[in-house]
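Examining the three-dimensional arrangement
Each chain, written out:
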Amino acid sequence: MSDPARHDSIRAVHWRENHLRLLDQRLLPMQEIFIDCRNADDVARAIKDLAVRGAPAIGIAAAWGVVLAAQALRANSVAIDATGLEPVLVQLNATRPTAVNLAWALRRMRAALVNSSDPLSALTGEAAAIQNEDLAANRHMGELGASLLPQHCGVLTHCNTGSLATAGFGTALGVIRAGVAAGKITQVYAGETRPWQQGARLTMWELVRDGIPAKLIADSAASHLMKTGAVQWVIVGADRIAANGDTANKIGTYQLAIAARYHGIKFMVVAPSSTVDMDTTDGDAIDIELRDSTELLHTAGQRSVVEGGEAWNPVFDVTPAALIDAIVTERGIIHGPNNQSMRAMFADKNSADLETSVAVAKGRA
Ligand SMILES: CSC[C@H]1O[C@H](OP(=O)(O)O)[C@H](O)[C@@H]1O
């Protein structure tokens, strides 16, 4: 067995005192280029354009975007308060609708302002705490999730849930790192994850860098792979887990869950508690991001569909709780998620500040 922390070298989000350095995930794996965000507009653009992506990572980036906005207020001798920062909170929250980690992080940043004698320090400390807590949660979830795996198992994962999508180590990919280190996982299969290719471009890059045996499969090969008996667990991340355990994740997750249940394969969702949204009753209430159809009509930057051809490009779907065998968060494992088991573990998680939630939600209006 090896130390899972050994597989923990990649960091996509770097705070640099007066700017935020991001590994530009649009260019991986062929180019490892960083972009520097020097204001909240730069951060908002990076999130919207997927230079940084992944539910926890966009929450962390947005938190540092608020710090950059506060630094700008300080430089212009403007008071750093909720009123001054509200436009930035709304702007950052409007960048992507599905991952609740974004609104959760912005709510925490606004709450950090309350009764603070040094708001800039409070905001900087809160953003750092959000990032550090995520890394610790991922390492703990890695161990929890790996404890569910049998010896010598094959696993299938979807999209990218690794160090690139988080503060480091990863959620579902963190369980895979820990499972490999524990000698339990003998083969990883990664779905390419069309149209943005997070699996092909990002997950394969992370796994190969870590020396973890991984095979890329076409999204359409998943059911056929399951039929061969090579996979015992499907392990995925999440962007929003509703109060009844319904889970929004990258498009294609729902059909993996259906196929897994048909083939008697276990289905695990791995996400920090910042992804749990007890204010959303069930999966039907989750806002599914529709992205530009050009992402589907083009391949590697070249149009691959006849002119005049149109596309529908939802980039998330919802897996019903009934198809999920285990939800792993840093608080523990929920076997067979439902309203009752979710409430037992997350009763405290609701909009801490309704006014903030309304204000931050306005960003989607
Ligand atoms: C731990 S990342 C969670 C989630 O985010 C990804 O979406 P995107 O690449 O569009 O930001 C994907 O759904 C991952 O499972």
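Refer to the structure above for everything that follows.
Conventions adopted
- Residues numbered from 1 in each chain as written.
- Predicted model: local features only at pLDDT ≥ 70, side-chain atom pairs only at ≥ 80, totals over all residues.
- Heavy atoms only, no water.
- Helix = DSSP H or I, 4+ residues; strand = E, 2+ residues; numbered from the N terminus.
- Buried < 20%, exposed > 50% of the residue type's maximum accessible area, 1.4 Å probe, protein only.
- Polar contact = N/O pair within 3.5 Å; in protein donor to acceptor, adjacent residues only side chain to side chain.
- Contact = heavy atoms within 4.5 Å.
- Phe/Tyr/Trp six-rings, centres within 6.5 Å; stacked < 30°, edge-to-face > 60°.
- Lys NZ or Arg CZ within 6 Å of the ring centre and 35° of its normal.
- Near = heavy atom within 4 Å.
- 1 Å grid on protein atoms, 1.4 Å probe; cavity = no way out; pocket = protein on both sides within 12 Å on 5 of 7 lines; lining within 4 Å.
- Sits in = over half its atoms within 2 Å of the grid points.
- Nonpolar A, V, L, I, M, F, W, Y, C, P; charged D, E, K, R; others polar.
- Domains from an automatic or database assignment.
- Pairing = 2+ DSSP bridges.
- Right-handed = clockwise from strand over helix to strand, strands pointing away.

What follows covers the side chain of asparagine 160. Relative to the helices and strands, asparagine 160 is located in the loop between strand S4 (153-157) and helix H6 (172-181). You can call asparagine 160 buried: its relative accessible area is 3%. At a separation of 3.2 Å, a polar atom in the side chain of asparagine 160 contacts the side chain of threonine 203. A polar side-chain atom of asparagine 160 sits 3.2 Å from a polar atom in the side chain of glutamate 206. If sequence neighbours within four positions are ignored, asparagine 160 has contacts with Arg53, Ala165, Leu173, Gln198, Leu202, Thr203 and Glu206.

Below, the discussion takes up the packing of aromatic side chains. On inspection of all chains with the given rule, the structure shows 1 aromatic pair. Seen in terms of ring centroids, tryptophan 15 and tryptophan 64 are 4.3 Å apart; in terms of plane orientation they differ by 10 degrees. Their pairing is stacked. Of this pair, tryptophan 15 sits in strand S1 (residues 13-15) while tryptophan 64 is found in helix H2 (residues 55-75), placing the two residues 49 residues apart along the sequence. Owing to a relative accessible area of 15%, tryptophan 15 belongs among the buried residues under this scheme. The aromatic ring of phenylalanine 316 is capped on one face by lysine 250, whose charged end is 4.0 Å from the ring centroid.

Time to look at helix H3 (residues 82-93). Every buried residue of H3 is listed here: Leu85, Glu86, Val88, Leu89, Leu92 and Asn93. The N-cap of H3, judged by a side-chain oxygen 3.2 Å from the amide nitrogen of threonine 83 a few residues on, is aspartate 81.

Our focus in this paragraph is the site of the ligand. Around the ligand, 17 residues are found, and the nearest of them are Gly54, Arg96, Asp239, Asn249 and Lys250. One of the backbone nitrogen or oxygen atoms of glycine 54 is found 2.8 Å away from an oxygen atom of the ligand. Lysine 250 is positioned such that a nitrogen or oxygen atom in its side chain is 2.7 Å from an oxygen atom of the ligand. Comparing atom positions with the cavity grids shows the ligand to sit within the largest cavity. Those elements that provide at least two residues to the shell around the ligand are H2 and strand S9 (247-250). When its residues are assigned to classes, the shell around the ligand shows 6 nonpolar, 7 polar and 4 charged. Looking at which domains feed residues into the shell around the ligand, each of domain 1 (4-136) and domain 2 (138-361) gives three or more.

This brings us to the pairing of S4. Where burial is concerned, most of S4 is hidden: 5 out of the 5 residues are buried. Burial along S4 is two-sided: the face carrying Cys153, Val155 and Thr157 and the face carrying Gly154 and Leu156 are both buried. By the bridge criterion, 5 bridges tie S4 to strand S5 (residues 185-191) in an arrangement that is parallel. Following the sheet pairing, threonine 157 is matched in S5 by alanine 190. After leaving S4, the chain enters H6 and then returns to the sheet as S5, a path that is right-handed. Note: S4 against strand S7 (residues 233-236), 3 bridges, orientation parallel. Looking at the pairing, valine 155 lines up with tryptophan 233 of S7.

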